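Analysis of the macromolecular model
Each chain, written out:
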Amino acid sequence: MSGPASLRCATHPEVETNLRCGKCGKLICPRCLVQTPVGSRCRNCAKLYNLPTYRVSTAYYLRAAGAALVMAVALGLAWGFVTRFLPFIYLNLLIAAGIGFAIGEVTGLAVNRKRGAWLAVIGGLGVAICYAVNISTFGSIPGIDIWLVIDIAGLAIGIYTAVSRLR
């Protein structure tokens, strides 16, 4: 007499199991198991999807890029104007943080508050473009090396702020 046939996982045939999907009855191992409110399911029956907040289509990416670009140009001009006529060295850090917040917020509003890594990249690039518009339009203040350090620190703060709004 031979013993009972061993049951094996449908996805991982090297693993013996007695677990079955609560919906379709397919044999599953602990690695395949997805715990749902109604019991254990296989991955197909559990239907694992991203949350709607993180499902971003190409149209949303284009809207985000457009909003970030428009804000970057407008705020880059404003940033240069303010720092040229109010040359307080630490004001630049506050302005950069505000610009990062504004670009992140407007980009988020343009895509109905969706979130994602690529939207964060778009927001960070928006702040970098904003800084480039600032420097290309107004230039840097000659002879003061600390301004470059403050500008780089401000750029980092602005990018961090925009990315954290969209991540």
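Scroll up to find the structure this text is about.
Everything quoted here is computed from the prediction, not taken from an experiment.

Focus on helix 2 (residues 58-85)
- Between its first and last C-alpha, helix 2 extends 41 Å over 28 residues, near the 40 Å set by a 1.5 Å rise per residue.
- Turning to helix 2, its buried residues are Tyr60, Ala64, Ala67, Ala68, Met71, Ala72, Leu75, Gly76, Trp79, Gly80 and Thr83.
- Looking at the buried positions of helix 2, the neighbouring elements they touch are helix 3 (91-110) and helix 4 (117-138).

Quick word on the pattern of salt bridges
- Applying the stated criterion across every chain yields a total of four salt bridges.
- Here Arg31 makes a salt bridge to Glu14, at a shortest N to O gap of 3.3 Å. Of this pair, Arg31 sits in the segment before strand 1 (34-36) while Glu14 sits in the segment before strand 1; the two residues are 17 residues apart in sequence, bridging distant segments of the chain. Each member of the pair Arg31 and Glu14 is classed as exposed.
- A salt bridge links Arg113 to Glu105, with the shortest nitrogen-to-oxygen separation between them at 2.7 Å.
- Beyond isolated ion pairs, a larger network of salt bridges with shared partners links Glu105, Arg113 and Arg165.

Details of the nonpolar core
- Residues Leu75, Trp79, Ile99, Ile103, Leu119 and Cys130 are the most contacted members of the largest nonpolar core, which totals 22 residues.
- Mapped onto this core, the elements with two or more residues apiece are helix 2, helix 3, helix 4 and helix 5 (145-166).
- For this core, the element with the highest residue contribution is helix 2, accounting for seven residues.
- In this structure Trp79 touches Asn92, Ile95, Ala96, Ile99, Cys130, Tyr131 and Asn134, once residues within four positions along its chain are discounted.
- Of all hydrophobic cores here, the second largest spans seven residues; its members include Cys9, Cys21, Cys29 and Cys45.

A few points about the packing of helix 2 against helix 3
- In contact at an axis separation of 9 Å, helix 2 and helix 3 are set at 160° when each is read in the N-to-C sense. As summarised for this structure, helix 2 and helix 3 are arranged roughly antiparallel, according to the angle between their axes. In the crossing of helix 2 with helix 3, the sense of the turn from one axis to the other is right-handed. Taking contact as the criterion, the partners of Arg63, Ala64, Ala67, Ala68, Met71, Ala72, Leu75, Trp79, Val82 and Thr83 in helix 2 are, on helix 3, Leu91, Asn92, Ile95, Ala96, Ile99, Ala102, Ile103, Val106, Thr107 and Ala110.
- Broken down by class, the residue content of the contact of helix 2 with helix 3 amounts to 16 nonpolar, three polar and one charged.

Digging into the side chain of Asp151
- Structurally, Asp151 is set in helix 5.
- An unpaired buried charge is present at Asp151: no salt bridge exists, and Arg84, the closest side chain of opposite charge, is 9.2 Å distant.
- Polar contacts involving the side chain of Asp151 include one to the side chain of Tyr131, which spans 3.2 Å.
- Ignoring sequence-local partners within four residues, the contact set of Asp151 consists of Asn92, Tyr131 and Ile135.

The rules behind each value
- Residues numbered from 1 in each chain as written.
- Predicted model: local features only at pLDDT ≥ 70, side-chain atom pairs only at ≥ 80, totals over all residues.
- Heavy atoms only, no water.
- Helix = DSSP H or I, 4+ residues; strand = E, 2+ residues; numbered from the N terminus.
- Expected span 1.5 Å × (residues − 1).
- Buried < 20%, exposed > 50% of the residue type's maximum accessible area, 1.4 Å probe, protein only.
- Contact = heavy atoms within 4.5 Å.
- Salt bridge = Lys/Arg side-chain N within 4 Å of Asp/Glu carboxyl O.
- Core = buried A, V, L, I, M, F, W, Y, C linked by side-chain atoms within 4.5 Å.
- Axes fitted to C-alpha atoms, helices over the stretch in contact; angles between N-to-C directions.
- Parallel < 35°, antiparallel > 145°, perpendicular 65-115°, else oblique.
- Left-handed = near helix turned anticlockwise from the far one by under 90°.
- Nonpolar A, V, L, I, M, F, W, Y, C, P; charged D, E, K, R; others polar.
- Lys, Arg positive; Asp, Glu negative; His and termini not counted.
- Polar contact = N/O pair within 3.5 Å; in protein donor to acceptor, adjacent residues only side chain to side chain.

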